[in-house]
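# Summary of the model geometry
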Amino acid sequence: MEKEVDIFSASTTIFAHYYFSGNNKIRNLIHKTKNNDEDRLHAIWNASLDLTFPTLVSQKLLRDKIVPVFVTADENLSLIFDSMKMKFMVANKTEAALPPFLEVDYTRTNWTQAELQEINNYYDRIMERRRYKFVFNNFDQEEVINRMRILCFNLEKELKNSF
């Protein structure tokens, strides 16, 4: 996602941490009812909305100086969002001094300390490449959405060709 769509989302990254560290319960976030291509795509789409929508809404609320509160009955989604803590530095009692910092807790994943360090080194390299993009507001949301549409179309085509 970071290279193809130009986004690096904490919620999807945390989901991937749980998913690939062997947490079988987190896989239930992708709810599929039937075993066909259309249902698989729909289940993945719904899970991606569950992971992305709270972040998008939070960004809008924060711009309007409203503190968002996330509530869900889904234990897996709650685990993901509970693993994130956002920290702000405020200037003049109302203005954000810097973009918010996100503190992420991976202690409930099944990675070893050495694996987490290796993953963290990889993330550091990504963040180094991306850090000026948001400092200078070089973020075009329409362009990101367009790249996501292209990626979704190509993945859907690839999935249909694989069955």
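Please refer to the structure placed before this passage.
In short, a report on the structure. (Residues numbered from 1 in each chain as written. Predicted model: local features only at pLDDT ≥ 70, side-chain atom pairs only at ≥ 80, totals over all residues. Heavy atoms only, no water.)

## Regarding the overall build of the protein chain
Regarding its fold elements, the protein chain presents 5 helices and 4 strands. In the protein chain, the proportion of contacts linking residues at least 24 apart, taken out of those at least 6 apart, comes to 65%. For the protein chain, the accessible surface area stands at approximately 12,000 Å², while carbon and sulfur atoms represent 57% of it. (Helix = DSSP H or I, 4+ residues; strand = E, 2+ residues; numbered from the N terminus. Contact = heavy atoms within 4.5 Å. Areas by Shrake-Rupley, 256 points an atom, 1.4 Å probe, with all protein chains shown as cover.)

## Remarks on helix H1 (residues 10-20)
Three or more residues of H1 are buried, namely Ser-11, Thr-13, Ile-14, Phe-15, His-17 and Tyr-18. Positive backbone phi, approximately 100°, marks Gly-22, located one or two places after H1. (Buried < 20%, exposed > 50% of the residue type's maximum accessible area, 1.4 Å probe, protein only.)

## What about the packing of aromatic side chains?
All told, the structure shown has 3 aromatic pairs when counted by the stated rule. Measuring from centroid to centroid gives 5.6 Å for Phe-15 and Tyr-19, while their planes differ by 40°, and the two rings are tilted. Separated by 4 residues within a single helix, Phe-15 and Tyr-19 lie in helix H1, roughly one turn from each other. Taking the relative accessible area as the measure of exposure, Phe-15 reaches 12% and is therefore buried. Aromatic pair Tyr-19 and Phe-20: ring centres 5.1 Å apart, planes at 75°, arrangement edge-to-face. A relative accessible area of 59% means that Phe-20 is categorised as exposed. Three or more aromatic residues joined by ring pairs form one cluster here, namely Phe-15, Tyr-19 and Phe-20. (Phe/Tyr/Trp six-rings, centres within 6.5 Å; stacked < 30°, edge-to-face > 60°.)

## Overview of helix H3 (residues 75-82)
Among the residues making up H3, those that are buried are Asn-76, Leu-77, Leu-79, Ile-80 and Phe-81. Two or three places before Asn-76, at the opening of H3, Asp-74 has a side-chain oxygen 2.9 Å from that residue's backbone nitrogen. (Polar contact = N/O pair within 3.5 Å; in protein donor to acceptor, adjacent residues only side chain to side chain.)

## Comments concerning the nonpolar core
In terms of nonpolar packing, the biggest core is built from 17 residues, with Ile-14, Phe-15, Tyr-18, Ile-26, Leu-29, Leu-51 and Ile-80 touching the most fellow members. If you list the elements that add at least two residues to this core, you get H1, helix H2 (37-63), H3 and helix H4 (113-135). Here Leu-29 is in contact with Phe-15, Ala-47, Asp-50, Leu-51, Asp-74, Asn-76, Leu-77 and Ile-80, once residues within four sequence places are set aside. (Core = buried A, V, L, I, M, F, W, Y, C linked by side-chain atoms within 4.5 Å.)

## Points about the packing of H1 against H3
Where H1 meets H3, the closest approach of the two axes is 9 Å, and the angle between their N-to-C directions is 115°. The angle between H1 and H3 places the two elements in the roughly perpendicular class. In the crossing of H1 with H3, the sense of the turn from one axis to the other is right-handed. Only Leu-79, Ile-80 and Phe-81 of H3 make contact with H1, whose side of the interface consists of Ser-11, Ile-14, Phe-15 and Tyr-18. (Axes fitted to C-alpha atoms, helices over the stretch in contact; angles between N-to-C directions. Parallel < 35°, antiparallel > 145°, perpendicular 65-115°, else oblique. Left-handed = near helix turned anticlockwise from the far one by under 90°.)

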